[in-house]
Amino acid sequence: MSRSTREPGRLPRVDLPTDVRLETIAVREGLPATPWGENSEALFLTSSFVHPDAATAAARFANEEEAFVYSRFTNPTTMMMERRLAALEGTEACIATSSGMSAIMLLVMGLLKSGDHIICSRSVFGSTIKLLQAEFGKFGVQTTFVSQTDVAEWRAALQPNTRLLFAETPSNPLTEVCDIRALADIAHGAGALLAVDNCFCSPALQQPVKLGADLIIHSGTKYLDGQGRVVAGAVCGPAALIDGPFMALMRSAGMCLSPFNAWVVLKGLETLSIRMKAQSETALALAQWLEVQPQVARVYYPGLPSHPQHELAMAQQGGSGGAVVSFVTRGDAADAARANAFAVIDATRICSITSNLGDTKTTVTHPSSTSHGRLTEPQRLAAGITQGMIRVAVGLEHIDDLKTDLARGLALI
Ligand SMILES: *Cc1c(COP(=O)(O)O)cnc(C)c1O
């Protein structure tokens, strides 16, 4: 049996020294091994758990004793992932969800009621905008969308019923960075909470709670799994919220992560730090190279000094720009710019043409016609997304091979 500590009536904890670093947490935090002593975490594919007697079952259902009951809300594999991710984010607790979108649904349903108000960046993930505006709007939760980077706009949008500020940084695909500490101060001054979607940086680069954020949202589908295998999500935050309203809602609504997908993410977390480091280094080198290509009109990458929020990004993201780079191909008229962008994408032989990101395989996408295809052209232009723009989510291939892959298409335009 592995080293563990246990309080009466509580599930045991891994006995880790308190001062271990992120890389160590990423491979060690979880639950103690079973009596079989497995070194790699076990996958518990079971829907329910057996109790020794009726009285114990009653105590467990009444939450008097912490135990595994039913996999809609408690499962050892899922709990290992939750404990590990919470420790990486520096929060007390975490609850895993079936997808990144269901994490946001859990957040809003768990915290807000009809008549409440949200302030959200205009540059967040497209489905987040749809969920807040169209779906929660139906239930009387109103959202005001504001600038990603203008803190004054967030402050001006406050209302007496504002309960939540929601940010995502850096944004997709323009990599605009918002000031987490400034937004936390605005939220707390108004008695509201700040939630940050930390999908693009992951806790390996950015820990928003250290900058004052209250809740962290994850799409585990991206860097946490990191190998493009599963759809997953999570909310990290204080135990009073996670084990309180969010757990109660999970029990009733059931947007739970399957133990199998939790296991995949759990094992993905073990390499999160080295992947983020390697992929970000390659992204920086690629961004620097793109910036001097004559066929490239503009590069968007927080790690470049030319990025408008470069200094803030470096301070907030542990000195790293992350692994997503966007650039605009030359071409004045929209049609010509689009043709050039398509030519570059179609000439790649290594990069995957897909709008997913956070994979070890580099992905390349044309935001205007895919992720942002549902917007009108004026809406896209207002958001700064032009027809010549290409987004590259850098993976683990060799930098020279990625340059060659993009140079092939650039030579054609
Ligand atoms: C992908 C993504 C989501 C949604 O996550 P899913 O796991 O696809 O539901 C939310 N936020 C950001 C920033 C994302 O990139």
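Because the structure is a prediction, the values reported are computed rather than measured.

Draft legend 1. Summary view of the site of the ligand. Residues in contact with the ligand, as listed here, are Ser 99, Gly 100, Met 101, Phe 125, Glu 168, Asp 197, Cys 199, Ser 219, Thr 221, Lys 222, Val 231 and Ala 232. One nitrogen or oxygen atom from the main chain of Met 101 is found 3.0 Å from an oxygen atom belonging to the ligand. Ser 219 places a side-chain nitrogen or oxygen 2.8 Å from an oxygen atom of the ligand. About the coverage of the ligand: the protein hides 92% of its 380 Å² of free accessible area. Counted by class, the shell around the ligand contains 5 nonpolar, 4 polar and 3 charged residues.

Draft legend 2. Main features of the domain arrangement of the chain. One can read the domain layout of the chain as domain 1 (1-92 + 238-270), domain 2 (100-220) and domain 3 (273-410). Put simply, the middle of domain 2 and the middle of domain 3, counted by C-alpha atoms, are 25 Å apart. Taken over both partners, the interface formed by domain 2 and domain 3 buries close to 1,800 Å², and the fraction arising from carbon and sulfur atoms is 63%. The three residues of domain 2 that bury the most area against domain 3 are Pro 173, Leu 174 and Leu 205, which together make up 34% of that side's buried surface. Applying the counting criterion to the domain 2 and domain 3 interface returns 0 salt bridges. Our enumeration of links across domain 2 and domain 3 arrives at 7 residue pairs in polar contact (both at pLDDT 80 or more). No other element matches the 3 residues that helix H8 (residues 202-205) contributes to the side of domain 2 that touches domain 3. Looking at the side of domain 2 that touches domain 3 residue by residue, the class counts come to 11 nonpolar, 7 polar and 3 charged.

Draft legend 3. Structural context of unusual backbone geometry. The linkage connecting Thr 169 with the following residue, Pro 170, adopts the cis geometry, with an omega of -5°. Relative to the elements of secondary structure, Pro 170 occurs in the loop between strand S6 (162-168) and helix H7 (180-189). With an omega dihedral of 0°, the bond running from Asn 172 to Pro 173 counts as a cis peptide bond. If you trace the backbone, Pro 173 turns up in the loop between S6 and H7. You will see that Thr 175, though not glycine, has its phi angle at about 55°, which is positive. With respect to the helices, strands and loops of the structure, Thr 175 is situated in the loop between S6 and H7. Residues other than glycine seldom take positive phi values, yet Ser 202 does so here, at roughly 65°. Classification of Ser 202 by relative accessible area gives buried; the value is 0%.

About the criteria used
- Residues numbered from 1 in each chain as written.
- Predicted model: local features only at pLDDT ≥ 70, side-chain atom pairs only at ≥ 80, totals over all residues.
- Heavy atoms only, no water.
- Near = heavy atom within 4 Å.
- Polar contact = N/O pair within 3.5 Å; in protein donor to acceptor, adjacent residues only side chain to side chain.
- Areas by Shrake-Rupley, 256 points an atom, 1.4 Å probe, with all protein chains shown as cover.
- Nonpolar A, V, L, I, M, F, W, Y, C, P; charged D, E, K, R; others polar.
- Domains from an automatic or database assignment.
- Buried area = accessible area lost by both parts, 1.4 Å probe.
- Salt bridge = Lys/Arg side-chain N within 4 Å of Asp/Glu carboxyl O.
- Helix = DSSP H or I, 4+ residues; strand = E, 2+ residues; numbered from the N terminus.
- Buried < 20%, exposed > 50% of the residue type's maximum accessible area, 1.4 Å probe, protein only.

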